[in-house]
Structures are given as C-alpha cells and as structure tokens.
Amino acid sequence: MAAYNNDDIIRYTEGEMLPEERSRFAAAMAADPSLAAAVEEYKLLKITLEQRLPPDAAADALRRQLTQQRAIHFKKNNRLSAVRKYLTGIAAAAVVLLAIVLTRQHRGKDLLALYGQVEMQVSAERGSNQDSLLQAAALYFNEHDYTKTLPLLHQYIAADSSNQAAWFYRGVASLRNGDAAGLPDLEKVSNGGSVFRYDAAFQIALWYAIQQQPAKAKEWLQKIPADAAIAGKASALRKELP
Amino acid sequence: MYTTIDQANPSLMTIHPDQRYLEGLLCNDTRLVQEIYERYAGKIRYYIMQNRGSEDDAADIFQESLMDLYNQAKHKQLRLTCPFEPFFLLICKRKWLNELKKRERQPVTKPADDLSDVGEDVFAAAEAVIREEEQAAVFLAQFGRLGEKCREILRQCLSGEAQEKIAAAMGVTYGYLRKKKSECMATLLSYIQAQKK
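Residues numbered from 1 in each chain as written. Chains lettered and ligands numbered in written order. Predicted model: local features only at pLDDT ≥ 70, side-chain atom pairs only at ≥ 80, totals over all residues. Heavy atoms only, no water.

*Asks:* Would you mind showing me how to read the overall build of chain A here?
*Replies:* Scanning chain A from terminus to terminus reveals 13 helices and 0 strands. For chain A, the α and β elements follow one another from N to C terminus as α-α-α-α-α-α-α-α-α-α-α-α-α. Counting the 242 residues in chain A, one finds 41% classified as buried. Contacts in chain A between residues far apart in sequence, at least 24 positions, make up 49% of those at least 6 positions apart. Surface accessibility of chain A: about 13,200 Å² in total, with carbon and sulfur atoms responsible for 55%. (Helix = DSSP H or I, 4+ residues; strand = E, 2+ residues; numbered from the N terminus. Buried < 20%, exposed > 50% of the residue type's maximum accessible area, 1.4 Å probe, protein only. Contact = heavy atoms within 4.5 Å. Areas by Shrake-Rupley, 256 points an atom, 1.4 Å probe, with all protein chains shown as cover.)

Written as structure tokens, this is what we have:
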C-alpha cells in the first residue's frame, strides 16, 4: 500500500482515475490485501456517513421512548446518587461562576473577545490572481488588520461576486472595524445557501448584542437551527442576553 | 442447519414472528418497546450486576443494544429468522463484555459458558451487529473531529443532492467543491487509520 495514499484510494473509488492508472491501481489492489481493505473501508465509511449523517427523527423519538422506559424498568442506584450529588455541587458552583461572569459582563465585558473569534480560511484552487487576493486578505484578516483586509476583498468581489466566503469575511471585517456597512454583506450570505449562512447570522447577532440591541440579536440567533455547527455558540450567546 | 439472521438475502429466509420487535423499534411502537423492557430488562440487569456492573450499566447497555438493532434494521435491512430473545440477550452480553474489556477488568463469570447455549448462527449474527455498530460509532466519532467547514461540506455532498447544485448553493465552483470534499474525506480516513494504531 506504500505506493498509494488516501487521495488515490478516494480517486479510485470515486472513478476519478484515468483508465491506465485505474488498471495499475486494480492490479496493486489484487496483490496487496491491505490496499484492498483500505478501499473497502473507504466505501464503508462513505455509505455509513450517507446513511447516518442526515437527521433521523424516528431515531430521536425512539431514544426518548427508551429513556422513558428505562426510568420505569431500571432503578437509579447509589452510585448514580453519589454522582448526582457531585454534579449538583458542580452545577451550584457553575451557577455562582455564571453569576460572576454575567456580573462582569454587565460591567462591560467584551462579548467580541468571547464570541468573535473568526479565522479566515482560503483554499487556493487555481493559483490565479483572484486566489492571491484572497490569500493576502486572509493574512491581514487573521492578523486583525481589517483596514488592509477590506480593500482586497472589495477588489475580489468586484471581479467575482459569486464567492460567498468573500462576502462573509468582508462583512465580518467591516463589523470588526466598527462599521455597520458589513451588515448587508452578512445578510446576503445569511439568506443564501452557503456553508457560511449560519455563521453570518451569528455574526449579525453578535453585532447587535455588542450594540446593546438584544431583541435584534435574538431575532438573528433564532435563524440558527439546533443542528448547525455554530449552534453551541449561538445558544451560549443567547444566554448572555437580557 | 439452524439459521438465524440473513442480512444478505432475506427473501430466501423465513422471517421469524419476532421480527415484530424490530418493526416495533422502527416505528417506535410504545407497546412493543414496553414489552421488550418487561421481558428482558430483568435478565440483563441480573447478568450485568453479576459481572461487576451496576444497574445504570445495565440500563445503558440495554438501551444502546436496542438502538443498535434499530440502526441495523433501518440501514442494513436486518431480518430476524430466529427468536428475538437469544439474539438480543447475546448482543447485550457481548456489549457488556466489550465494555468490561475497555475498563480493563475481567468478567467474573466465564463468558464462553454463559453464552454457549445459543446456536452458532445467532452468535455470528450478534457479533456482526456489534462489530458493525462499533465501526459506525468510530466513523461518526472521527467525523466529529473534523473542522466545521469540512463537516458541513461532507454533510451536503453525501446528502444525495447533485454536486453541481450543492456547489451553486454554496457559492463555490464545482471543481472547488470536489477538491474540498476529497481533502475532507482524506483527512477523515487518516483520523480513522490513526485511531486504530
């Protein structure tokens, strides 16, 4: 298997090899059981994710049913009681800690520092001038030099307005510069179907939270579904709002 | 030969009337789920508590085993050709033995003696359920280690939707999407391989 790596396994399975390379790979697989096993594992991984990643409402309902039956047919034992006491203690401590944290926040704690961490990630696809612009913008963005980031993203979007990532990072950069002009960029991304849509909604909510406009912040947080990657942060921010 | 479960070609096998339990799990039939608990919770509680487990351990194993059966019935078209009881109890017991192994303890009773009263086919089928569900759990756990963007891209790309449509919806090119998907899958494979070492 040493001659082939995971990229090759994926390309073979996805039918992305040219016929000659594919034949060589098949021959190598016939001679190397570990390579054949790796291909089988990839196929199994793919089908498992296809089956189990989509939300399964029936499974969720069954879990709830099983939890109910469990409470009827299994008793809580002493060990659990001890754990529960321990957890109760932790919960009480957490409440005190939370109170301290919230008090601090009301004294002007910076929500941005807590929830505003965003790293600009780009993947050079074609090595074009457009990619260079994005990479330069990412460099400044990740150094929090938004004044230098913005002109690069303006230039990028002027040439290619289809890249939702560019709109997202430009919106965030504007807001970090204290300029509400970033809001329309983020609203556009939030209303689209890109992978950034819920992050955009979160960034808008964060902006309004910082501006002491909790009602608007909550309105944007409500747009983030529970299964979104950003949902945890959204829920934490929601709890910080009065 | 005593046959039990056939996942490969269920149409050739006689489905056991206890298949109703699997159907009950699939459609979340309260009465059938309750019946499973009433009939078998006590047996599993006794077995696990005799083998260094607690009542909570028994409840966890019982619940996880039922979810395993749900997943197998839903995704692997598992059909029952033997009675439910020996098959289900064996799954629970094997899961508990695996759990003890993870906790680096030795079981008190002799597992071979304890499990020898079932047919070979039941044994093999139960082992297959456990092996496949453990494998799926590893895949999903390693998937959870990927970055947010990779998880989202794979979710979308493996949803069955046309890749061109997904790329357009994401505001990226088709080539970029394919490249990122392959990169994310390669990373995931490397996590899975590293986890085995």
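*Asks:* I'm lost on helix H7 (residues 148–157) of chain B in this one. Help?
*Replies:* For an α-helix, the turn length of 3.6 residues means that residues three or four places apart are oriented alike. Within the span of H7(B), buried status applies to B:Cys150, B:Arg151, B:Glu152, B:Ile153, B:Leu154 and B:Cys157. Where the residues of H7(B) are buried, they touch helix H11 (197–210) of chain A together with helix H6 (120–143), helix H8 (163–170) and helix H9 (174–196) of chain B.

*Asks:* I would appreciate a short explanation of the confidence of the model for chain B in the present structure.
*Replies:* Low pLDDT marks stretches whose predicted atomic positions should not be read closely. Residues of chain B with pLDDT of at least 70 account for 86%, and the chain-wide mean is 87. Within chain B, the lowest mean pLDDT, 52, falls on helix H5 (residues 111–115) of chain B, and the highest, 97, falls on helix H3 (residues 55–75) of chain B. (pLDDT = per-residue confidence, 0-100.)

*Asks:* Explain helix H3 (residues 33–52) of chain A here, please?
*Replies:* In this model, H3(A) (20 residues) spans 28 Å end to end at C-alpha, consistent with the 28 Å of a helix rising 1.5 Å per residue. Buried-residue contacts for H3(A) involve helix H1 (6–13) and helix H2 (19–31) of chain A together with H3, H6 and H9 of chain B. (Expected span 1.5 Å × (residues − 1).)

*Asks:* How should I be thinking about the state of the cysteines in this particular structure?
*Replies:* Should the sulfur atoms of two cysteines be covalently bonded, the bond is a disulfide. All names here are of chain B. Enumeration according to the criterion identifies 1 disulfide over all chains in this entry. The residue that forms a disulfide with cysteine 150 is cysteine 184, at a sulfur-sulfur distance of 2.1 Å. Across the S-S bond linking cysteine 150 and cysteine 184, the dihedral sits near -85 degrees, which makes this disulfide left-handed. Remark: cysteine 184 occurs in helix H9 and cysteine 150 occurs in helix H7; sequence separation between them is 34 residues. By relative accessible area, cysteine 150 is classed as buried at 16%. Of the residues examined, cysteine 184 reaches a relative accessible area of 1% and is grouped as buried. In this structure cysteine 157 is not part of a disulfide, and its nearest cysteine sulfur, from cysteine 184, lies 8.3 Å away. Given a relative accessible area of 5%, cysteine 157 falls into the buried group. (Disulfide = S-S within 2.5 Å.)

*Asks:* How should I be thinking about the pattern of salt bridges in this particular structure?
*Replies:* The full count for this structure, using the stated rule, is 26 salt bridges over all chains. Ionic pairing is found between A:Arg63 and A:Asp60, a salt bridge with its closest N-O pair at 3.2 Å. Remark: A:Asp60 and A:Arg63 occur in helix H4 (residues 57–73); sequence separation between them is 3 residues, near one turn of the helix. Overall, A:Arg63 belongs to the partly exposed group, its relative accessible area being 39%. Note that B:Arg103 is salt-bridged to B:Asp57, the shortest N-O span being 3.0 Å. A residue pair is termed long-range when its members are at least 10 positions apart, and B:Arg103 in the loop between helix H4 (84–102) and H5 and B:Asp57 in helix H3 qualify at 46 residues. Looking at B:Asp57, the relative accessible area reads 5%, which means it is buried. Put simply, B:Arg20, B:Arg31, B:Glu35 and B:Arg39 are held in one network by salt bridges that share partners. (Salt bridge = Lys/Arg side-chain N within 4 Å of Asp/Glu carboxyl O.)

*Asks:* I would appreciate a short explanation of the environment of B:Val122 in the present structure.
*Replies:* Here B:Val122 is to be found in helix H6. Taking the C-alpha atoms as reference points, B:Val122 and B:Cys82, 40 residues apart in sequence, are found 7.6 Å from one another.

*Asks:* I'm lost on the packing of helix H1 (residues 19–26) of chain B against H3(B) in this one. Help?
*Replies:* Each pair of packed helices can be described by the angle between their axes along with the distance between the axes. Residue and element names in this part refer to chain B. Running from amino to carboxyl end, H1 crosses H3 at an angle of 90 degrees, the nearest separation of the two axes being 9 Å. For the element pair H1 / H3, the angle class is roughly perpendicular. Where H1 approaches H3, its residues Leu22, Leu25 and Leu26 are matched on the opposing element by Leu66, Leu69, Tyr70, Ala73 and Lys74. In the contact of H1 with H3, the residues fall into 7 nonpolar, no polar and 1 charged. (Axes fitted to C-alpha atoms, helices over the stretch in contact; angles between N-to-C directions. Parallel < 35°, antiparallel > 145°, perpendicular 65-115°, else oblique. Nonpolar A, V, L, I, M, F, W, Y, C, P; charged D, E, K, R; others polar.)

*Asks:* How should the environment of A:Trp220 be read in this particular structure?
*Replies:* Residue and element names in this part refer to chain A. In this structure, tryptophan 220 sits in helix H12 (residues 214–221). Judged by relative accessible area, tryptophan 220 falls into the buried class, the value being 9%. Apart from the residues within four sequence positions on either side, tryptophan 220 is in contact with Glu187, Ser190, Ala201, Ile204, Ala205 and Tyr208.

*Asks:* Looking at this model, I keep getting lost on the packing of aromatic side chains. Mind explaining?
*Replies:* Ring pairs (aromatic) are described by centroid distance and by the angle formed between their planes. This model, assessed by the stated rule, comprises 15 aromatic pairs over all chains. Pairing A:Phe168 with A:Tyr169 gives two aromatic rings, centres 5.2 Å apart and planes at 70 degrees, and the pair type is edge-to-face. Each member of the pair A:Phe168 and A:Tyr169 is classed as buried. Centre to centre, the rings of B:Phe62 and B:Phe88 are 5.1 Å apart; their planes meet at 90 degrees, and the pair counts as edge-to-face. Of the two residues, B:Phe62 sits in helix H3 while B:Phe88 sits in helix H4, which places them 26 residues apart along the sequence. (Phe/Tyr/Trp six-rings, centres within 6.5 Å; stacked < 30°, edge-to-face > 60°.)

*Asks:* Any chance you could explain the side chain of A:Gln65 here in plain terms?
*Replies:* Relative to the helices and strands, A:Gln65 resides in helix H4. A polar contact of 2.8 Å, which involves the side chain of A:Gln65, links it to the side chain of B:Thr30. (Polar contact = N/O pair within 3.5 Å; in protein donor to acceptor, adjacent residues only side chain to side chain.)

*Asks:* I'm lost on the packing of helix H7 (residues 129–142) of chain A against helix H8 (residues 146–159) of chain A in this one. Help?
*Replies:* Residue and element names in this part refer to chain A. Put simply, H7 and H8 touch, their axes get as near as 8 Å, and they point 155 degrees apart. Looking at the two axes, H7 sits roughly antiparallel to H8. The chirality of how H7 crosses H8 is left-handed. In contact with Gln130, Leu133, Leu134, Ala136, Ala137, Tyr140 and Phe141 of H7, H8 contributes Tyr146, Lys148, Thr149, Leu152, Leu153, Gln155, Tyr156 and Ala159. (Left-handed = near helix turned anticlockwise from the far one by under 90°.)

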